[in-house]
Amino acid sequence: MAPHSTFSSRGFVRPSVAASLIGFCALAMTACGSSEASDGSGPDAAEAPKTTQVTDATGASVKVPATPERVVVLSEMDLDAALALGVKPVGLTAGRGQKGAPGYLADQAKGIPVVGAVTGPDMEKVVQAEPDVILAGQLADEQVLQQLRKVAPTVVTIDGSKDWKKALSLTGKTLGRDNQAEAFLADYATRTAALKKDLGAEAGKSVSVTRYSAKGSAVMQQGVFISDVLGDLGFTRPGIQNQKGEGHSTPISDENLKEIDGDWLFIGTLTSTGSDQDLVGELSKKPAYKQLKAVSNGRSTVIDGTKWTSLGGAQAAVSVLDDIRKAMVK
């Protein structure tokens, strides 16, 4: 959780935040879980916001405004999806290894306040953003979710499969952008089919994806974003990358660098400058690295880890297609 955590050891909101929550609820009836549409009997019935019902990734039924205007996103995938659908959030959580939005979304997300980190939201900042909908990503902490629901209707968008397509469709329903989500997915399918055709002899080759940092190498196994995109393209994966991993990525020691080999190797870091990039340069000097088939054949490419090896999303998927086309289509 962010340094200015609003939760005590017993999980309650600090008095100052509780006051903010109460005041905010009084101002916005759609917030704090009160998103019921008017029954038409009150004097302001004609102006009451219309709501729609969505079933989130946990199976919970949530009523949200039909056209949300102030959206807070609590994961990289939510930010990616909202921006892809033409909605600029009023609050975001920093991407993995980032101080703000993931690098590939930095320009689009410029000016959006940070309201938390990968470890969790800062409740005071979420309240200050005055959302009418919160996209909670894959957040599973029920205590935190209960606090968020007191601020605004909260939708968990990512299920256990972490499927970005399913998350985009659910986000489209939540934001009243179903048509835009469908159009994006149709365009992605068209781009994928075109790329598979243009790959020619490289179609079906084995593709390895590795993240490198001060902790060393880590490969991306099945059950994560990049593996889904590579699967859509019909690529095979080398070694343990064919298997579902226990976490987001699986560490590989220098002694086992052969595990990152394949016909093609894509290797990235979470920062485009600084120490991580220097480390990639050091990796390229290791004898075990130079002996990799992909490296000796000139088929190793450095990529942006914020889109390839993090949580990913709709725009990240399209950008990965572009990166693969640039590297593999001659």
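Residues numbered from 1 in each chain as written. Predicted model: local features only at pLDDT ≥ 70, side-chain atom pairs only at ≥ 80, totals over all residues. Heavy atoms only, no water.

## So, the overall build of the chain
- Across its full length, the chain holds 12 helices and 13 strands.
- A total of 330 residues make up the chain; the buried ones form 48% of that total.
- Of all intrachain contacts in the chain linking residues separated by at least 6 positions in sequence, the fraction that spans at least 24 positions is 64%.
- Put simply, the chain shows about 15300 Å² of open surface, and 50% of that area lies on carbon and sulfur atoms. (Helix = DSSP H or I, 4+ residues; strand = E, 2+ residues; numbered from the N terminus. Buried < 20%, exposed > 50% of the residue type's maximum accessible area, 1.4 Å probe, protein only. Contact = heavy atoms within 4.5 Å. Areas by Shrake-Rupley, 256 points an atom, 1.4 Å probe, with all protein chains shown as cover.)

## Looking at the confidence of the model for the chain
- When pLDDT is averaged along the chain, the result is 85; 82% of the residues meet or exceed 70.
- A low-confidence stretch, residues 1-43 (pLDDT under 50), is modelled with 72 contacts involving residues beyond four sequence positions or located in other chains. (pLDDT = per-residue confidence, 0-100.)

## Remarks on the packing of helix α5 (residues 164-174) against helix α6 (residues 178-198)
- Their axes nearest at 7 Å, the elements α5 and α6 cross at an angle of 155°. When the axis of α5 is compared with that of α6, the two are roughly antiparallel. In this structure, α5 uses Trp164, Lys165, Leu168, Ser169, Gly172 and Lys173 to contact α6, whose residues at the interface are Asp178, Ala181, Phe184, Leu185 and Tyr188.
- Split into classes, the residues belonging to the contact of α5 with α6 amount to six nonpolar, two polar and three charged. (Axes fitted to C-alpha atoms, helices over the stretch in contact; angles between N-to-C directions. Parallel < 35°, antiparallel > 145°, perpendicular 65-115°, else oblique. Nonpolar A, V, L, I, M, F, W, Y, C, P; charged D, E, K, R; others polar.)

## Focus on unusual backbone geometry
- Of note in the backbone geometry, Glu130 takes a positive phi value of approximately 50° without being a glycine.
- Although it is not a glycine, Lys162 adopts a positive phi angle of roughly 55°.
- By the secondary structure assignment, Lys162 is in the loop between β8 (154-155) and α5.

## Concerning the environment of Ala152
- Positionally, Ala152 belongs in the loop between α4 (142-149) and β8.
- In this structure, the C-alpha to C-alpha distance between Ala152 and Leu135, residues 17 residues apart in sequence, is 9.9 Å.

## Considerations on the nonpolar core
- Counting residues in hydrophobic clusters, the biggest one holds 56 residues, and the most contacted among them are Leu79, Trp164, Ile226, Phe266 and Ile324.
- A total of nine residues in this core trace back to one element, the largest contributor, which is helix α12 (residues 314-328).
- If we ignore the near neighbours within four places in the chain, the residues touching Ile324 are Leu195, Leu199, Leu230, Leu233, Phe235, Phe266, Trp308 and Val329.
- Val115, Val126, Ile134 and Ala136 belong to the second-largest nonpolar core, a separate cluster that totals 16 residues. (Core = buried A, V, L, I, M, F, W, Y, C linked by side-chain atoms within 4.5 Å.)

## What about the sheet that holds strand β12 (residues 264-269)?
- Within the open sheet, the five strands sit side by side as β11-β10-β9-β12-β13. Their pairing is mixed. Strand pairing shows two members of the sheet lacking a second neighbour, β11 (250-252) and β13 (300-304), which therefore form its edges. The sheet shows a mean angle of 35° between the axes of neighbouring strands, taken without regard to direction.
- Sheet strands touched by α12: β12 and β13. Its angle to β12, the strand with the most contacts, is close to 130°. (Pairing = 2+ DSSP bridges.)

## Topic: helix α7 (residues 225-232)
- When we look at burial in α7, the residues that qualify are Phe225, Ile226, Ser227, Val229 and Leu230.
- Buried-residue contacts for α7 involve α5, α6, β9 (207-213), α11 (305-308) and α12.
- Directly after α7, the chain includes Gly234, whose backbone phi takes a positive value near 80°.

## Let's talk about the pairing of strand β5 (residues 114-117)
- Looking at chain direction, strand β4 (residues 91-93) and β5 are connected through two bridges and run parallel. By the bridge assignment, Leu92 is partnered in β5 with Val114.
- Bridge count between β5 and strand β6 (residues 120-121): two bridges; the pairing is antiparallel. Across the sheet, residue Gly116 finds its bridge partner in β6, namely Pro121.
- In textbook terms, the turn of a hairpin is the stretch between consecutive antiparallel strands, and for β5 and β6 this stretch comprises two residues.

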